[in-house]
Amino acid sequence: MKVCIFILALLLGSTNISYAGYNDNMVGEVTAVMTYTSGLILFRLHNQPSSHPSCNRGYFAIATDVNDIATNRMLSRLLIAHTTKTSVNIGFDNTGDCGNGYIRVHRVG
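Being a predicted model, the structure only gives us computed values, none of them experimental.

Engineer: Got a minute to help me understand the overall build of the protein chain in this structure?
Structural biologist: When its secondary structure is counted, the protein chain shows two helices and five strands. Counting from the amino terminus, the protein chain carries its helices and strands in the arrangement α-β-β-β-α-β-β. Among the 109 residues that make up the protein chain, the fraction classed as buried is 31%. Looking at the protein chain alone, contacts between residues at least 24 apart form 59% of all its contacts between residues at least 6 apart. Here the protein chain displays about 6800 Å² of accessible surface, and carbon together with sulfur accounts for 57% of that area.

Here is the structure:
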């Protein structure tokens, strides 16, 4: 029985979760949120990055390949922050991995 528990613990502990380029965080006030029928969500912070090596720096994007539950959570957080004029913390990729050509966001908190 102990051997089974040990093997199960090894298997569960070795699960590799990929964050696809999430390597930076930024805190700022949301100044614009735009949604499209394709599912793409673009937004802008007051302190939007002035440069990016491969993506259009004009907006952050919640890409269309993110699952619906995660997309809805991030959109809700963005809209609340925009409405209340409070800062939001986002996790994004500052080196590549664009979302529909824009800076890809992996987390909104």
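Engineer: What is the right way to read the environment of Val 33 from this model?
Structural biologist: Mapping Val 33 onto the fold places it in strand E1 (residues 24-35). Of the residues examined, Val 33 reaches a relative accessible area of 22% and is grouped as partly exposed. As a C-alpha pair, Val 33 and Tyr 59 span 26 residues in sequence and 9.4 Å in three-dimensional space. In contact with Val 33, not counting residues within four places along its chain, are Ile 41, Leu 42, Phe 43, Leu 75, Leu 78, Leu 79 and His 82.

Engineer: Even after reading the chapter, I still don't get the state of the cysteines, so can you show me in this structure?
Structural biologist: When the sulfur atoms of two cysteines share a covalent bond, that bond is a disulfide. Applying the stated criterion across every chain yields a total of one disulfide. One disulfide bridge connects Cys 55 with Cys 98, the sulfur atoms lying 1.9 Å from each other. Because the sign of the S-S torsion sets the handedness, a value of about -100° for the bond joining Cys 55 and Cys 98 places this disulfide among the left-handed ones. You can see Cys 55 sitting in the loop between strand E2 (41-45) and strand E3 (56-62) and its partner Cys 98 sitting in the loop between strand E4 (87-92) and strand E5 (102-108), a full 43 residues away along the chain.

Engineer: I keep staring at the sheet that holds E2 and nothing clicks. Help me out?
Structural biologist: What holds strands together in a sheet is hydrogen bonding between their backbones, with the strands either parallel or antiparallel. Judged by pairing direction, the barrel is mixed, and its five strands sit side by side in the order E1-E2-E3-E5-E4 before closing back on the first. Strand after strand, the sheet turns through a mean of 60° between neighbouring axes, direction not considered. In the sheet, E3 pairs with E5 via three bridges, with the strands oriented parallel. Residue pairing for E5: Phe 60 is matched across the bridge by Ile 103. Contacts between helix H2 (residues 68-84) and the sheet are confined to E1, E2, E3, E4 and E5, with E1 contributing the most and set at about 85° to the helix.

Cut-offs and rules
Numbering of residues starts from 1 in every chain and runs along the sequence as written. With pLDDT at 70 or above as the cut-off, local features in this predicted model cover only qualifying residues; side-chain atom pairs require 80 or more to be listed or tallied, and sums for whole chains, interfaces and linings still use all residues. The side-chain figures draw on all heavy atoms in the structure; neither hydrogens nor water molecules are used. Elements are defined by DSSP. Helices are runs of H or I of four residues or more, strands are runs of E of two residues or more, and each kind is numbered from the N terminus. We call a residue buried when its accessible area falls under 20% of the maximum for its residue type, exposed when it is over 50%, and partly exposed in between, using a 1.4 Å probe and counting protein chains only. The criterion used for residue contact is that any of the two residues' heavy atoms lie within 4.5 Å. Calculation of accessible area relied on Shrake-Rupley with a 1.4 Å probe; when residues are assessed, cover is drawn exclusively from the protein chains displayed. Only a pair of cysteine sulfur atoms within 2.5 Å qualifies as a disulfide here. Paired strands, in this sense, are two strands between which DSSP finds at least two bridges. Working convention: axes come from line fits to C-alpha atoms, limited for helices to the stretch in contact. Angles between N-to-C directions cover 0 to 180 degrees.

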